[in-house]
Amino acid sequence: MPTDLSTLDLATINAAQSVIVAAIRNQCCQWEQESSDAVADGRLSNAVMVQHWAFAADILASKVSSEFSTLFIRTLDARIGDLTSTPQRSAADQVVDAIALEVASAQEAPELVAV
């Protein structure tokens, strides 16, 4: 991981958070279903074990999501810090730049159209 957080791309952080958290939550749902199936088949000890896995995966998804949010905030803070290091800029200009960075990170790249 770069030591200069301002070089990280905010859109990539958001995309990685979405993909990773969704994958963990999907696994959680799969284990919950397997637990229900095990109960229906009378395999109660197996059902409890798989239910514990699902519970742990749910906690992990929340923790991963929280850590990605923290990384996003630290990156944004680093970018704002870079903006405020220029003393001749007004506070309003610095806020506008920070908001523009956030909006730009949420937008997709424009598609090229062949003429």
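Residues numbered from 1 in each chain as written. Predicted model: local features only at pLDDT ≥ 70, side-chain atom pairs only at ≥ 80, totals over all residues. Heavy atoms only, no water.

Turning to the pattern of salt bridges, a few remarks are in order. This structure, assessed with the given rule, holds three salt bridges. Of the charged contacts in the structure, one is a salt bridge between D58 and R25, with a shortest N-O distance of 2.9 Å. Of this pair, D58 sits in helix α2 (residues 44-84) while R25 sits in helix α1 (residues 10-40); the two residues are 33 residues apart in sequence, bridging distant segments of the chain. (Salt bridge = Lys/Arg side-chain N within 4 Å of Asp/Glu carboxyl O. Helix = DSSP H or I, 4+ residues; strand = E, 2+ residues; numbered from the N terminus.)

Okay, the environment of L5 next. Among the structural elements, L5 can be located in the segment before α1. In this structure the C-alpha to C-alpha distance between L5 and A78, which are 73 residues apart in sequence, comes to 6.0 Å. Contact partners of L5, with chain neighbours within four places excluded, come to L71, R74, T75 and A78. (Contact = heavy atoms within 4.5 Å.)

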